[in-house]
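Analysis of the macromolecular model
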Amino acid sequence: MPLVPEELERDLISKPRGRFTTQGVLGFTCLILLCGILYAGLHPFHAPANQVSWVANANAVRFGEYGTILSSGSFPPPVFGGERSIEIWVQPGKREDSNTLLAFYSPSSPRQLSLSQSVSDLKIHIQSSDAWRKVKTERTYIDDAFRDGKSAFWTVTFGPSGTAVYRDGVLIKKSSITPSIGEMSGRLVVGNSPIFSDSWSGVLRGLAIYDTALNPAQVVRHYASWTKGEAPVLTSEDLCIALYLFNEHTGQVVHNRVSLENDLYIPPKFLVLRQTVLDPVWRAFESSNGFWKDAFINVGGFIPFACFFCAYFSSLGLRSPALSAAALGAVISVLIELTQTHLPTRDSSMADLINNTLGSVLGAAAYRGLVARELDRVMAWIVGALNEFRESRSI
């Protein structure tokens, strides 16, 4: 059981008016720790401005640290045998980034297609549209696609025979990935993931979607005409359903130049289309230094929190101070993770909840034996020093 030192017992019995007490100092320390935990878990406390800006003297937009663009409506499924092509003209802001370039999202489809920058590679990924739904995923990588950090015109074609990837009109890879028609439809999210904060940074110069798997001749024609002029040369056989030239230079709308439907919209505030509540452990887990660093921080941050609250609850004379402190840590963690679902720059994570709760249990369990005696001795010394300082100021 947690120990209550003799100094603390005397303090609770006598409590001179106008003097600092161990209980009061412990309570103030706990308040500071609580504020620190809330600040670390919820900062920033609002949705930041959407950092998508028009590039001066160019047909392009720049994505900052937090940026996203959404289509005004949903793209229908491909109509000809599940064929679709995407052209995207981009320049990465960071050569060692790992974030989503674009993705389709539809709650009725269990899997969705996305294109991402994965460090220096281009990743084509078919993954779950809901973090809590376990489905078979497929992915392929184009190695060193962003290594040089230069602007590149990417064409990705999908069809029954698989996927083909072109850079600047040149075929560089084929893959057996064949997305279904539902996986290539829905709302289009550009520069971010639809279900969690995964904002990409860089410059987007053009984007087009076709309802056919473009052949090599079409790919070369589009690349040559678009990069040398202001728009690709299109024919009726191209079946272009969306063309975004980014030549508005101002405003919050990027117009679809081949249809009255599905303009792109730049929200004033950064947002996640359908933010995940408590991202499951199996999706968040990875054997990387970043994952284990976050786990250590989440466990370590709640150890002093629970330890001091256990000391404070002991001073109040609660019957089970350790259990109360551990439970409080778990409750605070749940509140933080649920609140994070309304903060687009934060990710609500089951792994964080588990780690925070573990830290609370360890911190509450630590307040016993030598740790309890040393902590109470230090608190008694602080109380004595504060009272001496107060008396010296009153002389």
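Relevant structure appears above.
In short, a report on the structure. (Residues numbered from 1 in each chain as written. Predicted model: local features only at pLDDT ≥ 70, side-chain atom pairs only at ≥ 80, totals over all residues. Heavy atoms only, no water.)

**Observations concerning the overall build of the protein**
Inclusion rule: The helix count covers DSSP runs of H or I at least four residues long, the strand count covers runs of E at least two residues long, and both are numbered beginning at the N terminus. Throughout, radius of gyration means the C-alpha value; the globule benchmark is 2.2 Å times the number of residues raised to the power 0.38. For the exposure calls, accessible area comes from a 1.4 Å probe over protein chains only, and a residue counts as buried if that area is under 20% of its type's maximum, exposed if over 50%, partly exposed in between. Contacts are assigned to residue pairs that have any heavy atoms within 4.5 Å of one another. The method behind every accessible area is Shrake-Rupley, applied with a 1.4 Å probe, and residues are considered shielded solely by the protein chains displayed. Charge counting follows a simple rule: Lys and Arg are positive, Asp and Glu are negative, and His as well as the terminal groups are ignored. Charged groups are reduced to one reference atom each: NZ for lysine, CZ for arginine, CG for aspartic acid, CD for glutamic acid.
Broken down by element type, the protein carries eight helices and 16 strands. Taken against the 2.2 N^0.38 rule, which gives 21 Å for 395 residues, the C-alpha radius of gyration of the protein at 28 Å runs more than 25% over that of a compact globule. Sorting the 395 residues of the protein into buried and exposed places 49% on the buried side. When contacts within the protein are restricted to residue pairs at least 6 apart in sequence, those whose partners lie at least 24 apart make up 66%. Accessible surface, the protein as shown: approximately 18800 Å² in total, 59% of it carbon and sulfur. Both charge centroids of the protein, one from 35 positive and one from 35 negative side chains, sit 3 Å from each other.

**Remarks on the side chain of threonine 341**
Counting through the fold element by element, threonine 341 comes out in the loop between helix H6 (321-339) and helix H7 (350-366). Overall, threonine 341 belongs to the buried group, its relative accessible area being 16%. If near-sequence neighbours (up to four positions away) are discounted, threonine 341 is found in contact with Gln275, Thr276, Val277 and Ser348.

**Notes on the pattern of salt bridges**
Quick note on the threshold: Put simply, a salt bridge is a Lys or Arg side-chain nitrogen that is within 4 Å of an Asp or Glu carboxyl oxygen.
Considering all chains together, one arrives at nine salt bridges under this definition. One salt bridge connects arginine 111 with glutamate 183, and the closest N-O pair in it is separated by 2.9 Å. Placement of the pair is arginine 111 in strand E6 (residues 111-119) and glutamate 183 in the loop between strand E11 (170-175) and strand E12 (186-190), with a sequence separation of 72 residues. For the residue pair arginine 111 and glutamate 183, the accessibility class agrees, reading buried in each case. Put simply, glutamate 248 and arginine 257 hold a salt bridge, and the shortest N to O gap is 3.0 Å. The network of salt bridges with common partners includes Arg111, Glu138 and Glu183.

**Considerations on the environment of valine 119**
Tracing the backbone shows valine 119 in strand E6. Residues valine 119 and arginine 147 lie 28 residues apart in sequence; the distance between their C-alpha atoms is 8.5 Å. Contacts of valine 119, omitting those with residues within four sequence positions, involve Arg95, Glu96, Asp97 and Ser98.

**Brief notes about the side chain of serine 85**
Put simply, the rule reads: We call two N or O atoms a polar contact when they sit within 3.5 Å, provided that within protein one can donate a hydrogen and the other can accept it, with sequence-adjacent residues counted only if both atoms are side-chain atoms.
Position of serine 85 relative to the elements: it lies in strand E4 (residues 84-92). One polar contact links the side chain of serine 85 to the main-chain carbonyl oxygen of threonine 212, over a distance of 2.6 Å. Polar contacts involving the side chain of serine 85 include one to the main-chain amide nitrogen of leucine 214, which spans 3.0 Å. For serine 85, the contacting residues outside a window of four places in its chain are Val156, Thr157, Ala208, Ile209, Tyr210, Thr212, Ala213 and Leu214.

Honestly, it's all geometry; don't read function into it.
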